[in-house]
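# Fold and geometry: a report
Here are the chains, one letter per residue:
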Amino acid sequence: MKIVVDMNVCQDHGQCVFAAPEIFSLDDDGHLVYQSDVDEALREKAEDAADVCPLQAIVVED
Amino acid sequence: MTQRIVIVGASLGGLRAAEALRAQHFAGEIVVIGDEVHAPYNRPPLSKEVLADQVSHEAVAFRQRASVSDVIWHLGDAAQSLSGTTVTTQSGTRFDADGVVIATGIRPRTIPLAGAASRRMTLRTLDDAVALRKRLQPGAKVLVVGAGFIGCEVAATATTLGCQVSVVAVDEEPMIRPLAVSFGAALRQRHEARGVTFHLGAGIQAIDETPEGAAATLDDGTQLEASVIVEAIGSIPNVEWLEGQGFDLTDGVLCDNDMRVIGGEHVVAVGDVARFPNPLFDDAPRRIEHWNIPTDTARRAVTTLLGDLGLGEGSKESFTPMPAFWSDQFDLRLQAFGLPGLAGNEPSDVTIECGDLSGDVVVAYRNHGRLVGIVGIGFNKELQALRAEIGMAR
């Protein structure tokens, strides 16, 4: 499963970090960093993170 | 027999409830009833980037999980009444259900004065945004009534589009209730520096049609000309269709901490319309009009409903969703967590944690020593760190 975040849209709200800390985190400057190749077992959490993104910037691809 | 859940309201809360039903293995039929003709879409951009650009459904439509591809969308036909778990719409269509999810949200409150109706607008729906966008031409005089987040966002967006913008509000400072006087005043100065004019502590006595558009007369006699008046003075929960069921409809529909509607059976509520206690703060039920609440409450409400129907385990954990919201005004981006409006009245209840009010800043809001909310411009890392302390004693 692949995660794609539109970094032109992302505003570092951090909602995804709380929904799926295994995939998303904020760096020392408070900017989003994430893993793009994610184990299938985390699909539900990835979908949750996409749901709670205020900018709807996260896409979970098969 | 196939079971059926009817979700009333086809915005974020309704969509998330449908998705949660499938995620929690409900295999029956799902019907979503909506008053608007549009499939669920994201509302916050309507006063921000989408209003500044071209407004279209494609730009704001929510992506839908594949699991809800078989949901029956009954759109453009508002619910008229509820009886037990049967919903009847304005067109007379009747939906019998095993369970009902109330997700009818809110609508804008309007000024209780007649006059210049064709010049007056509110901003809640996509259609509202399309209509407003057409009026925001360069040079247009725009009068925004109300200085909350929506009013301030519209003022900023309209100014950016080249309009001449005045804001009228009864409050002493913009966004005063959640942010407190000091922060509100600082944000007002930032708006003023970019050309917005404020008339604060002022009520409107009359609105009249004029050859150029409309004129609003304030308490002190001041007359403000405008080609369009945007009314952003708060909201009214859409609960009229729930009358006669024995529910408490005082400011939304009263729910318990599991989002069960009190007085109903197999009826739950989600999103802006639901008034529920959040033990993260206290035991007082309140509505929370913040963006993440429809999603959080939809998941919990569905867990409760499926449990009550014998189709799930329910949840024994206390439900303590963290409100999160943001606001874009010019180049300023406010991010907030918790309920800063619950801050106490002591000077020590509102403190600057880092930065200062004229630039990037993090402001903390406390009540009897407990952190109840944080609002920041910039300083994202510091803001996120404080988020974990909300609800905890200092």
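Since the model is a prediction, treat every value here as computed from it, not as a measurement.

### Brief notes about the layout of surface pockets
Of the voids in this model, the second largest pocket is the one considered here, and its volume is about 490 Å³. Mapped onto the lining of the second largest pocket, the elements with two or more residues apiece are helix H1 (15-19) and helix H2 (43-52) of chain A together with helix H7 (293-308) of chain B. Here the lining of the second largest pocket takes four residues from H7(B), the largest share from any one element.

### Overview of the pattern of salt bridges
Where charged atoms from two side chains of opposite charge approach closely, those side chains can pair. Evaluation of the coordinates by the stated rule reveals 35 salt bridges over all chains. Across the salt bridge formed by B:Glu231 and B:Arg120, the nearest N and O atoms sit 2.6 Å from each other. Remark: B:Arg120 occurs in strand E9 (residues 120-121) and B:Glu231 occurs in strand E16 (residues 228-231); sequence separation between them is 111 residues. Here the two residues B:Glu231 and B:Arg120 agree in accessibility, since each one is buried. A salt bridge links B:Arg287 to B:Asp251; the nearest nitrogen and oxygen atoms lie 2.8 Å apart. Taken together, the positions of B:Arg287 in the loop between strand E21 (285-286) and H7 and B:Asp251 in the loop between strand E17 (235-237) and strand E18 (253-254) put the pair 36 residues apart, joining distant regions of the chain. The class of B:Asp251 is partly exposed, set by a relative accessible area of 40%. Several salt bridges converge on common partners, so that one network encompasses A:Glu40, A:Arg43, A:Glu44, A:Glu47, A:Asp48, A:Asp51, B:Arg16, B:Glu19, B:Arg65 and B:Arg299.

### Some details on the domain arrangement of chain B
All names here are of chain B. What the domain assignment reports for chain B is domain 1 (4-107 + 235-308), domain 2 (110-231) and domain 3 (331-387). Centre-to-centre, using C-alpha coordinates, domain 1 lies 30 Å away from domain 3. Counting from both sides, the interface comprises six residues of domain 1 and, opposite them, five residues of domain 3. Around 460 Å² of area is buried between domain 1 and domain 3 when both sides are counted, 65% of it from carbon and sulfur atoms. The three residues of domain 1 that bury the most area against domain 3 are Phe281, Arg286 and His290, which together make up 80% of that side's buried surface. Where domain 1 meets domain 3, there are two residue pairs in polar contact (both at pLDDT 80 or more).

### Comments concerning the nonpolar core
Generally speaking, soluble globular proteins have nonpolar side chains that are buried together. If you look at the biggest cluster of nonpolar residues, it comprises 115 residues, and the most contacted ones within it are B:Ile7, B:Val87, B:Ile102, B:Leu132, B:Val165, B:Leu179 and B:Phe183. Other than its neighbours up to four places away in sequence, B:Val165 contacts B:Val142, B:Val144, B:Ala155, B:Ala158, B:Thr159, B:Gly195, B:Val196 and B:Thr197. In terms of nonpolar packing, the next biggest core, distinct from the first, is built from 19 residues, A:Cys10, A:Ala49, A:Ala50 and A:Ala57 among them.

### So, the sheet that holds strand E6 (residues 94-96) of chain B
Pairing between the strands of a sheet is mediated by backbone hydrogen bonds and can be parallel or antiparallel. All names here are of chain B. Strands sit in the order E4-E5-E6 across an open sheet of three strands; the sheet is antiparallel. Of all strands in the sheet, those bounded by a partner on one side alone are strand E4 (79-83) and E6. For this sheet the average axis-to-axis angle between neighbouring strands, irrespective of direction, equals 20°. Here strand E5 (residues 86-89) runs beside E6; their pairing, made up of three bridges, is antiparallel. Within the sheet, the bridge partner assigned to Thr88 lies in E6 and is Arg94.

### Overview of unusual backbone geometry
Residues and elements named next belong to chain B. Despite not being glycine, His266 shows a phi value in the positive range, around 60°. What makes His266 partly exposed here is its relative accessible area of 24%. Positive phi outside glycine occurs at His368, with the angle close to 50°. Mapped onto the elements of the fold, His368 is located in the loop between strand E25 (361-367) and strand E26 (370-377). On the basis of relative accessible area, His368 is assigned to the exposed category, the value being 77%.

### Considering the packing of helix H1 (residues 12-23) of chain B against H7(B)
Helix-helix packing is described using two parameters, namely the angle between the two axes and the distance between the axes. Residues and elements named next belong to chain B. Running from N to C, H1 and H7 cross one another at 45°; their axes reach a closest spacing of 8 Å. The orientation of H1 with respect to H7, classified from their angle, is oblique. The handedness of the crossing between H1 and H7 comes out as right-handed. Between H1 and H7, the residues in contact are Leu12, Gly13, Arg16, Ala17, Ala20 and Leu21 and Pro294, Thr295, Ala298, Arg299, Val302 and Leu306, respectively. Looking at the contact of H1 with H7 residue by residue, the class counts come to eight nonpolar, two polar and two charged.

Parameters and conventions
Residues numbered from 1 in each chain as written. Chains lettered and ligands numbered in written order. Predicted model: local features only at pLDDT ≥ 70, side-chain atom pairs only at ≥ 80, totals over all residues. Heavy atoms only, no water. 1 Å grid on protein atoms, 1.4 Å probe; cavity = no way out; pocket = protein on both sides within 12 Å on 5 of 7 lines; lining within 4 Å. Points joined across faces, edges and corners; volume = space filled by probe spheres on them. Helix = DSSP H or I, 4+ residues; strand = E, 2+ residues; numbered from the N terminus. Salt bridge = Lys/Arg side-chain N within 4 Å of Asp/Glu carboxyl O. Buried < 20%, exposed > 50% of the residue type's maximum accessible area, 1.4 Å probe, protein only. Domains from an automatic or database assignment. Contact = heavy atoms within 4.5 Å. Buried area = accessible area lost by both parts, 1.4 Å probe. Polar contact = N/O pair within 3.5 Å; in protein donor to acceptor, adjacent residues only side chain to side chain. Core = buried A, V, L, I, M, F, W, Y, C linked by side-chain atoms within 4.5 Å. Pairing = 2+ DSSP bridges. Axes fitted to C-alpha atoms, helices over the stretch in contact; angles between N-to-C directions. Parallel < 35°, antiparallel > 145°, perpendicular 65-115°, else oblique. Left-handed = near helix turned anticlockwise from the far one by under 90°. Nonpolar A, V, L, I, M, F, W, Y, C, P; charged D, E, K, R; others polar.

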